[in-house]
Amino acid sequence: MVLNPVISKLTGKLVVLASASPRRLEILTNVGLKFEVVPSWFKETLDKTLFKKPYEYAVETAKQKALEVAKRMPYKHLKTPDIVIGADTVVAVDGLILEKPVDKQDAYRMLSRLSGKEHSVFTGVAIVLCQEQEATEIEYSVVEFYEETKVKFADLSEEMLWEYIHSGEPMDKAGGYGIQALGGMLVEYVHGDFLNVVGFPLNHFCKRLGELYNTPSETSAQSIKSESSKEQWTLVNELSKCVENGETEDSISAVPALTSRGALQKPNLVEPQGRLHHSPDSLHRIIDLMDGFKASKSLFAASKLKVFDLLTSAEGLSAEEVAGKIVAAVESTERLLDALVSLGLLKKVKHKDIIAYRNTEQAQRYLVSSSELSLHGYIIHCNDHVWPLFTHLEHAVQEGASQYERAFGKRLDDLFQDAYYESKERKLRFMNAMHSIAKVTGRDVASAFDLSRFKTACDLGGCTGAMAYEFTKAHPGLTVTVFDLPAVIEMSSHFYPEQQDSNQVTFLAGDFFKDDLPKADLYILARILHDWSDEKVNELLSRLSAICSPGCGLLVAEIFLDEERSGPSRALLQALSMSVGKQRSATEYSLLMKKHHFSQTRIKHNSNFLDALLCIKE
Ligand SMILES: C[S@@+](CC[C@H](N)C(=O)[O-])C[C@H]1O[C@@H](n2cnc3c(N)ncnc32)[C@H](O)[C@@H]1O
């Protein structure tokens, strides 16, 4: 076949596709490839958290699928394939890997996460080459690669989403959609290989085959026998030994061989006695968790000591110079600086034979206290307020109560009055924390929806106004009233931005449970509801419902829990130190809204800290 000389090189070879996907079968059949289909028994259960990048997960899954088939065929089918092709397609958005939805709710969760956003589709491909060595021994080598295609979804209304879900199409598709059929209607653009989104990156595959079968001089098998592929050979031989030892194929296929760190590692071989060898990657994960508090505390200490504020220049400062400025011992300062280098927050630079330290780009942007997107205020809040509470976590769990008294020696009746606003210093600390996090998250929340129909907004519990300013930046026609407790409003002038249109944001003191609420077309509740019980949330929503006319909007910004309440960790960990409130999923919030006659709910999952939900008064 002139069009495809590479494919024709496979003539006469036993080529096997280790996938039951009709789409992959169609793509490969269309180009004239002759192959058998042997669906893999490998269960797609690799721990995604072990992989730094989504494509690493897809490549590893593809590889395990192909290897499982390559090893099964000589025993179960009594023939050895020449080539086994494995593939796995995943959708990645906001740092999350989306596979096939397990049910309609799951499809809804996935598709609403993709709505209005660009996401990546990764297909990992593994080509396993099998060579019979002696009568009983087969050597396997693996060529693996991945392809990324960017896809942008249009804004999807709730009606559209559900209509698509009820069509049944999402259920067996990565990310919950099939671009080649009805799902194509959801897509605004595709950048990259379209067939990769369908499930198989044909062009990249042909290129790789070309490299394998058209390599000059030595044979392709030789070219694969690089240092790393030798390790792959060893790996597979060890797996073969497992079979000889009488292990079942299932136990082998569940064993991951490639780690998140990309290095080839020996698999978790099960010893005959049933004991497990340790797996380096899951061990790393546990050790990382054990050390997590040391990393957090190093960041907190450096922020408290204003280390990042000192290290903004390209030349940096030596450990002695930093120690002098923060009035500390040189040796311990050096230890802290080195630890920060290891965490990727500082860089070491050599300057005239002197080792100096300076901020990484990340530290420059988020850790310098005067930077536009500084998290300094929030970090200080974590150190001074959250950290002491977490040191009593076991008591919090046993007693089911806030540990405020244990941590700070005082009873906590009202979170805001007793903890945050009890002194001017604490109040400013809390406001600084809210300000910094609102500046980082505000833009995504403010631009999550088309708000052009609203002219006036009220940001309830709007604190320093940081979120309100983001709304006015994103929607120049909007004016926002920041409504918060008198103790907060009296300090809000500390946080006015230098360049602001004072007419667009105004401040009003009051208690949203007791006082009259200002009239507005749109009410914003950003990081408010998680602080309160369902009873208090119902009380507040009922007050809002009473003053809203039909068509009024209500925008809630929170971290939404997954519907299974299994993530994101950030929300679940935050809940551990909460006294009365609770974290909720988008559906739980929607149901609360519905109860108070707010419907037409739209949800936007954001990749930073805050998701958003918009609903309209009936
Ligand atoms: C967690 S902060 C969120 C601040 C801001 N919305 C943001 O996203 O950065 C909660 C805010 O609600 C305010 N708040 C708490 N109880 C209130 C009440 N009863 N009436 C008005 N504001 C209240 C607090 O003062 C605080 O500013």
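Not measured: the values here are computed from a predicted model. (Residues numbered from 1 in each chain as written. Predicted model: local features only at pLDDT ≥ 70, side-chain atom pairs only at ≥ 80, totals over all residues. Heavy atoms only, no water.)

A. Fine view of the overall build of the chain. If you tally the helices and strands in the chain, you get 25 helices and 16 strands. Out of the 618 residues in the chain, the part that is buried amounts to 53%. A total accessible area of about 28900 Å² is found for the chain, and carbon and sulfur atoms account for 53% of it. (Helix = DSSP H or I, 4+ residues; strand = E, 2+ residues; numbered from the N terminus. Buried < 20%, exposed > 50% of the residue type's maximum accessible area, 1.4 Å probe, protein only. Areas by Shrake-Rupley, 256 points an atom, 1.4 Å probe, with all protein chains shown as cover.)

B. How the structure looks around the packing of aromatic side chains. With the rule as written, the count across this model stands at 19 aromatic pairs. Ring centres of Tyr420 and Phe430 lie 3.9 Å apart, and the angle between their planes is 15°; this geometry places the pair in the stacked category. Of this pair, Tyr420 sits in helix α19 (residues 415-420) while Phe430 is found in helix α20 (residues 424-446), placing the two residues ten residues apart along the sequence. Residue classification places Tyr420 among the buried positions, given a relative accessible area of 11%. A network of ring pairs unites the aromatic residues Phe416, Tyr420, Tyr421, Phe430, Phe512, Phe513 and Trp532 as a single cluster. Sitting over the face of the ring of Trp387, Lys297 holds its NZ or CZ atom 5.2 Å from the ring centroid. Seen from the ring of Phe408, Arg426 lies directly overhead, with NZ or CZ sitting 5.3 Å from the centre. (Phe/Tyr/Trp six-rings, centres within 6.5 Å; stacked < 30°, edge-to-face > 60°. Lys NZ or Arg CZ within 6 Å of the ring centre and 35° of its normal.)

C. Molecular detail of the nonpolar core. Core analysis: the biggest nonpolar cluster contains 116 residues, and Ile127, Tyr177, Leu525, Leu554 and Met593 have the highest contact counts within it. Ranked by the residues each element gives to this core, the list is headed by α20, at six residues. Looking at this core, you find at least three residues from each of domain 1 (4-227) and domain 2 (415-617). (Core = buried A, V, L, I, M, F, W, Y, C linked by side-chain atoms within 4.5 Å. Domains from an automatic or database assignment.)

D. Region of the structure containing the sheet that holds strand β13 (residues 522-526). Strands sit in the order β12-β11-β10-β13-β14-β16-β15 across an open sheet of seven strands; the sheet is mixed. In this open sheet, the two strands that pair with only one neighbour each are β12 (505-509) and β15 (598-604). The sheet shows a mean angle of 20° between the axes of neighbouring strands, direction not considered. Where strand β11 (residues 479-484) meets β12, five bridges bridge the pair, whose relative direction is parallel. Residue pairing for β12: Asp484 is matched across the bridge by Ala509. (Pairing = 2+ DSSP bridges. Axes fitted to C-alpha atoms, helices over the stretch in contact; angles between N-to-C directions.)

E. Molecular detail of the side chain of Arg109. Of note, Arg109 is situated in helix α4 (residues 104-114). Reaching out from Arg109, the side chain makes a polar contact with the side chain of Asp106 at a distance of 2.5 Å. Excluding anything up to four places from it in sequence, Arg109 contacts Asp562, Glu563 and Glu564. (Polar contact = N/O pair within 3.5 Å; in protein donor to acceptor, adjacent residues only side chain to side chain. Contact = heavy atoms within 4.5 Å.)

F. Focus on the site of the ligand. Lining the immediate surroundings of the ligand are 19 residues, of which Tyr421, Gly461, Asp484, Ala526 and Arg527 lie closest. Taking Gly461, its main chain carries an N or O atom lying 2.8 Å from a nitrogen atom of the ligand. The backbone of Phe512 places a nitrogen or oxygen atom 2.9 Å from a nitrogen atom of the ligand. Coverage of the ligand by the protein amounts to 96% of the 590 Å² it exposes when considered alone. Take the shell around the ligand: its biggest share by element is three residues, from α20. The residue inventory of the shell around the ligand, partitioned by class, reads 13 nonpolar, two polar and four charged. (Near = heavy atom within 4 Å. Nonpolar A, V, L, I, M, F, W, Y, C, P; charged D, E, K, R; others polar.)

G. Summary view of the packing of α20 against helix α21 (residues 466-474). At a minimum axis distance of 8 Å, the contact between α20 and α21 shows a crossing angle of 30°. As the angle between them shows, α20 and α21 are arranged roughly parallel. In terms of crossing hand, the pair formed by α20 and α21 is right-handed. Between α20 and α21, the residues in contact are His435, Ala438, Lys439, Thr441, Gly442, Arg443, Val445 and Ala446 and Ala466, Met467, Glu470, Phe471 and Ala474, respectively. Partitioning the contact of α20 with α21 into residue classes produces seven nonpolar, three polar and three charged. (Parallel < 35°, antiparallel > 145°, perpendicular 65-115°, else oblique. Left-handed = near helix turned anticlockwise from the far one by under 90°.)

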